[in-house]
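Architecture and fold: a report
One-letter residues, chain by chain:
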Number of protein chains: 2
Amino acid sequence: MNAARHCRAHSGRTIIERLSTMPTSPVDEQHTSNISYEVLAVIGGTGPQGKGLAYRFAAAGHRVIIGSRSAERAIGTATTIAERIGQSNIVGMTNEQACKEADIVVLAVPFAGHSELVEELAPFLDGKTVVSCVNPLGFDKHGPYGLTVEDGSAAEEAQRLVPGARMVGAFHHLSAVTLWGDSETLEHEDVLICGNDDHAKAAVSRLAQHITGRPGIDAGALRLARQLEPLTSVLISVNKRHKVTAGIRIAGLAHV
Amino acid sequence: MNAARHCRAHSGRTIIERLSTMPTSPVDEQHTSNISYEVLAVIGGTGPQGKGLAYRFAAAGHRVIIGSRSAERAIGTATTIAERIGQSNIVGMTNEQACKEADIVVLAVPFAGHSELVEELAPFLDGKTVVSCVNPLGFDKHGPYGLTVEDGSAAEEAQRLVPGARMVGAFHHLSAVTLWGDSETLEHEDVLICGNDDHAKAAVSRLAQHITGRPGIDAGALRLARQLEPLTSVLISVNKRHKVTAGIRIAGLAHV
């Protein structure tokens, strides 16, 4: 496990050693007996979506690192979440540190500046499972719409910039409001997952289960991120018209 | 109502007169008391999706015209549906005739040849509510994917070719198998509707209600067809991986 490797590699008591020795709550252990205890970094973890995901992962017992350009802000958000869940299995660092320490890196950043950030972090993402939740959206007087992305999608852009990453697209449609809300399990929503690496997708599917109570749905190849990412524009449009917080559920999946 | 106008305009007993005097079943009248009795043409009504939609609309009591390049094939499909539902409120005609006679025209045709067909039918679509269910999809060894459409989507292409049509995108995600299946109401699925004309969207929402038991969901402007159309590639991909017939349900809509 990477966490152990990092513990040996660093002198002194690293933040990952702190995370590794932190007990998760007995309640969470019961509910998440199949947790593999990967260390998750949430890049953009101080933004609404990243914070919501980090909260859900930490509450489920994962060791979570909030990444931000500013270590101070990352620590602030991590503290807020730790206080909310009454557990200390979440810490804050710079994005670069967070990527270095993590087994799985979740990119929950705005599309503006996405390619520059991924390029900067590329050396630390190589070989890792990287989950893109990035939604390239535009807004004008007619409402939200999907931006044209040269690589097809943000996830494919990230894959081009880090060819050695096991890139997965997921968690695009869980709203920040719902993630940060009080519902224990978001059982009315589904997490659609795309990617070209089945092992990485399986790991992300387990993460999804900690949020919705069910495994994520393997939707196919990474290029389907071209559909999953801008679908968020439809949900935002529905929210606006119907005064709700809409999510996606796949119907007809009783046999999965 | 257009049907009446057509009856006066034609000499002899037109097919629309036949449709207009056909009783719908008492059961359907009960279940669909708010039917406005528009005449619906389903262009491409001999294909799997068109046939399934025509079946659902006719079973709900609407007067339906199956349109096809070949009147003979259209009549064949209409007869099959009429026999299945034990009602005679469905007939077959050429696409051109069907458009002429209808109040609402549903385009359920393949994307290949779409622009040529719409161009050909444009004079008969002008001023009418036109519902595009067209899914511009490609398939290769990696599975299904959304095609790049110069106008953004098939619905926008049709709108460009018939600027005077009240264009709506809807019914993209109901599978042919489910539509033609035995479930009385497809209550586990939602119909997402996009368009720039609120009256036309409201009419299509009522049509959706006859299929799912609930009004369709207004998803926003017509350009969101860019998201709705290729989303079908995700559903087909999910079907293939999970051996199911997947559909879309919007979560979190309790307040609608």
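Now for a description of the structure that goes with this document.

Quick notes on the rules
- Residues numbered from 1 in each chain as written.
- Chains lettered and ligands numbered in written order.
- Predicted model: local features only at pLDDT ≥ 70, side-chain atom pairs only at ≥ 80, totals over all residues.
- Heavy atoms only, no water.
- Helix = DSSP H or I, 4+ residues; strand = E, 2+ residues; numbered from the N terminus.
- Contact = heavy atoms within 4.5 Å.
- Disulfide = S-S within 2.5 Å.
- Least-squares fit on C-alpha atoms with pLDDT ≥ 70 in both.
- Buried < 20%, exposed > 50% of the residue type's maximum accessible area, 1.4 Å probe, protein only.
- Core = buried A, V, L, I, M, F, W, Y, C linked by side-chain atoms within 4.5 Å.
- Buried area = accessible area lost by both parts, 1.4 Å probe.
- Salt bridge = Lys/Arg side-chain N within 4 Å of Asp/Glu carboxyl O.
- Polar contact = N/O pair within 3.5 Å; in protein donor to acceptor, adjacent residues only side chain to side chain.
- Nonpolar A, V, L, I, M, F, W, Y, C, P; charged D, E, K, R; others polar.
- Pairing = 2+ DSSP bridges.
- Axes fitted to C-alpha atoms, helices over the stretch in contact; angles between N-to-C directions.

1. A short note on the environment of T178 of chain B
All names here are of chain B. One can find T178 in helix α9 (residues 176-179). Note: C-alpha distance between T178 and K243 (65 residues apart in sequence) is 14 Å. Setting aside its immediate chain neighbours within four residues, T178 contacts R56, L186, H188, E189 and T245.

2. Considering the state of the cysteines
Summed over the entire model, instances satisfying the criterion amount to 0 disulfides over all chains. Lacking any disulfide linkage, C194 of chain A is separated from the closest cysteine sulfur, that of C133 of chain A, by 11 Å.

3. What to know about the relation of the copies chain A and chain B
Placing chain A over chain B gives an RMSD of 0.0 Å and needs a rotation angle of 180°, together with 0.0 Å of translation along the axis. Such a combination of rotation and displacement between the chain copies is what one expects of a two-fold axis. In terms of C-alpha distance to the rotation axis, chain A has R249 of chain A as its closest residue, with the C-alpha 2.5 Å off the axis. Here 100% of the interface residues in chain A have copies in chain B that are interface residues too; the copies meet face to matching face.

4. Thoughts on the environment of K201 of chain A
Within the fold, K201 of chain A resides in helix α10 (residues 198-212). Assessed through its relative accessible area of 4%, K201 of chain A is described here as buried. In this structure the C-alpha to C-alpha distance between K201 of chain A and Y55 of chain A, which are 146 residues apart in sequence, comes to 21 Å. When residues no more than four places from it in sequence are discounted, the contact partners of K201 of chain A are V168, I193, C194, G195, D218 and G220 of chain A together with R241 of chain B.

5. Structural notes on the nonpolar core
Among the nonpolar cores identified, the biggest contains 86 residues, and I43 of chain A together with I43 of chain B are the most heavily contacted of them. The residues contacting I43 of chain A, other than those within four sequence positions of it, are G67, N95, A98, C99, V105, V106, L107, A108, V109, L117 and L121 of chain A.

6. A short note on the interface of chain A and chain B
At the interface, 40 residues of chain A touch 40 residues of chain B. Carbon and sulfur atoms make up 62% of the surface buried where chain A meets chain B, a total of about 3,000 Å² over both sides. The largest contributions to the chain A side of the interface with chain B come from R223, Q227 and A251 of chain A, which together make up 19% of the buried area. Note that D218 of chain B and R241 of chain A form a salt bridge whose closest N and O atoms lie 3.3 Å from each other. Our enumeration of links across chain A and chain B arrives at 13 residue pairs in polar contact (both at pLDDT 80 or more). Contributing elements (two or more residues each) for the side of chain A that touches chain B: β7 (143-146), β10 (217-220), α11 (225-242) and β11 (247-251) of chain A. The residue inventory of the side of chain A that touches chain B, partitioned by class, reads 20 nonpolar, 13 polar and 7 charged. Two strands pair when backbone bridges link them, and β11 of chain A and strand β11 (residues 247-251) of chain B are joined in this way by 5 bridges, in the antiparallel orientation. Note that in β11 of chain B the partner of I248 of chain A across the bridge is I250 of chain B.

7. Some remarks on the sheet that holds strand β4 (residues 104-107) of chain B
Residue and element names in this part refer to chain B. With mixed pairing, 8 strands are arranged side by side in an open sheet as β3-β2-β1-β4-β5-β8-β9-β10. The two strands at the open ends of the sheet, each matched to only one other strand, are β3 (90-94) and β10 (217-220). Averaged over all pairs of adjacent strands, the angle between strand axes in this sheet comes to 30°, irrespective of strand direction. Direction of pairing for strand β1 (residues 39-43) relative to β4: parallel, over a ladder of 4 bridges. Within β4, the residue paired with I43 across the bridge is L107. The sheet contacts of helix α4 (residues 48-59) involve β1, β2 (63-68), β3 and β4, and relative to β2 the element is tilted by about 165°. Lying on the sheet, helix α8 (residues 154-161) is in contact with β4, β5 (129-132) and β8 (166-169); it crosses β8 at an angle near 170°.

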